[in-house]
Amino acid sequence: MRTNRDRKRIKKQVRRRKLRHLRERLAATSNAAERRRLIEKIRRVSPAAPVPEV
């Protein structure tokens with residue numbers, strides 16, 4: 001059985017992993033439309049996270 005603390009920790013880990021993956025994809029693409037779409041996703045996942053501008 002998971003405690004609330006465990007749930008919060010796991011949720012944070014998943015969010016970080018997702019952000020890392022999205023940033024890697026953002027660095028790999030040069031298509032402007034794709035970059036915009038990825039930046040929107042990053043902002044949805046973590047609004048306070050620093051994101052390079054388009």
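So, how was this worked out
- Residues numbered from 1 in each chain as written.
- Predicted model: local features only at pLDDT ≥ 70, side-chain atom pairs only at ≥ 80, totals over all residues.
- Heavy atoms only, no water.
- Helix = DSSP H or I, 4+ residues; strand = E, 2+ residues; numbered from the N terminus.
- Rg over C-alpha atoms; globule rule 2.2 N^0.38 Å.
- Buried < 20%, exposed > 50% of the residue type's maximum accessible area, 1.4 Å probe, protein only.
- Contact = heavy atoms within 4.5 Å.
- Areas by Shrake-Rupley, 256 points an atom, 1.4 Å probe, with all protein chains shown as cover.
- Lys, Arg positive; Asp, Glu negative; His and termini not counted.
- Charge placed at Lys NZ, Arg CZ, Asp CG, Glu CD.
- Salt bridge = Lys/Arg side-chain N within 4 Å of Asp/Glu carboxyl O.
- Polar contact = N/O pair within 3.5 Å; in protein donor to acceptor, adjacent residues only side chain to side chain.

Across its full length, the protein chain carries two helices and zero strands. For 54 residues, the compact-globule estimate of 2.2 N^0.38 gives 10 Å, and the protein chain exceeds it by more than 25% at 13 Å. Its C-alpha atoms give the protein chain principal-axis dimensions of roughly 45 × 20 × 15 Å. A burial count over the protein chain gives 19% of its 54 residues as buried. Restricting to contacts in the protein chain with at least 6 residues of sequence separation, those with at least 24 account for 26%. As displayed, the protein chain offers around 4700 Å² of accessible surface, 50% of which is attributable to carbon and sulfur atoms. Here the protein chain contributes 20 positively and 5 negatively charged side chains, and the mean placements of these two sets differ by 7 Å.

This next bit is on the pattern of salt bridges. One pass over the full model with this rule turns up three salt bridges. The closest approach of N and O atoms between R9 and D6, which form a salt bridge, is 3.9 Å. One end of the pair, R9, and the other, D6, are both in helix α1 (residues 4-28), three residues apart, so they sit about a helical turn from each other. Take D6: its relative accessible area is 26%, and that puts it in the partly exposed class. With its nearest N and O atoms 3.0 Å apart, the salt bridge here joins R37 to E34. Of this pair, R37 and E34 are both found in helix α2 (residues 32-45), three residues apart, which corresponds to roughly one turn of the helix. R37 sits in the partly exposed class, given a relative accessible area of 35%. For E34, a relative accessible area of 22% translates into the label partly exposed. Through salt bridges that share partners, R25, E34 and R37 make up one connected network.

A word on the side chain of T29. By the element assignment, T29 lies in the loop between α1 and α2. Among the polar contacts listed, one links the side chain of T29 to the backbone nitrogen of N31, at a separation of 3.4 Å. Leaving out residues up to four positions away in the same chain, T29 has contacts with E34, R35 and L38.

Let's shift gears to the environment of R36. Mapped onto the secondary structure, R36 falls in helix α2. Accessibility expressed as a relative area gives 42% for R36, which makes it partly exposed. Measuring from C-alpha to C-alpha, the distance between R36 and R15 comes to 20 Å, with 21 residues separating the pair along the chain.

Function cannot be read off these values alone, since they describe shape.
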